[in-house]
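Chain by chain, the residues run as shown.
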Amino acid sequence: MLLRPGNGMVVESPFVIEGRAAPGWTVRLRIVMEGSQQRVEVLDTRVPVGADGSFAYTFESSVRFSGARYRILVTVADPLGVPAQVEVTVQER
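The shown structure was predicted, so the numbers you read here are calculated from the model rather than taken from an experiment.

Glancing now at the pairing of strand β8 (residues 83–92). Two faces belong to every sheet, and in a regular strand the side chains alternate between them. One ladder, built from two bridges, connects strand β2 (residues 10–11) with β8; its direction is parallel. Within β8, the residue paired with Val10 across the bridge is Gln91. Of the pairings in the sheet, the one linking strand β7 (residues 69–77) to β8 comprises nine bridges and is antiparallel in character. Residue pairing across strands places Ile72 opposite Val88, the latter belonging to β8.

The following block contains the structure:
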């Protein structure tokens, strides 16, 4: 479902989140920024899946600091509403 970024990657905002799902479905993207002792949800959006089965979203954080971690949660539900979720954590350069 999620092609990039990979778990544990070092990223620099803005970065692209790419994946695959069934054509015509919608993917929910959530990103939680985790700092020293804080967790802030910085994104909660839905992205359509194209006819070729791919989706992409360019994420640019309005709040950035070196070493911050982004927990990316990608959720897709099948036509019956059964969800599948993938979670990766990346780190800001």
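There is more to say after this.
The next subject is the sheet that holds strand β3 (residues 15–20). Spatial ordering of the open sheet is given by β1-β3-β6, a layout of three strands whose pairing is antiparallel. Edge positions in the open sheet fall to β1 (2–4) and β6 (54–59), since each of these has one partner strand only. With strand direction ignored, the average angle separating the axes of adjacent strands in the sheet is 25 degrees.

Calculation notes
- Residues numbered from 1 in each chain as written.
- Predicted model: local features only at pLDDT ≥ 70, side-chain atom pairs only at ≥ 80, totals over all residues.
- Heavy atoms only, no water.
- Pairing = 2+ DSSP bridges.
- Helix = DSSP H or I, 4+ residues; strand = E, 2+ residues; numbered from the N terminus.
- Axes fitted to C-alpha atoms, helices over the stretch in contact; angles between N-to-C directions.

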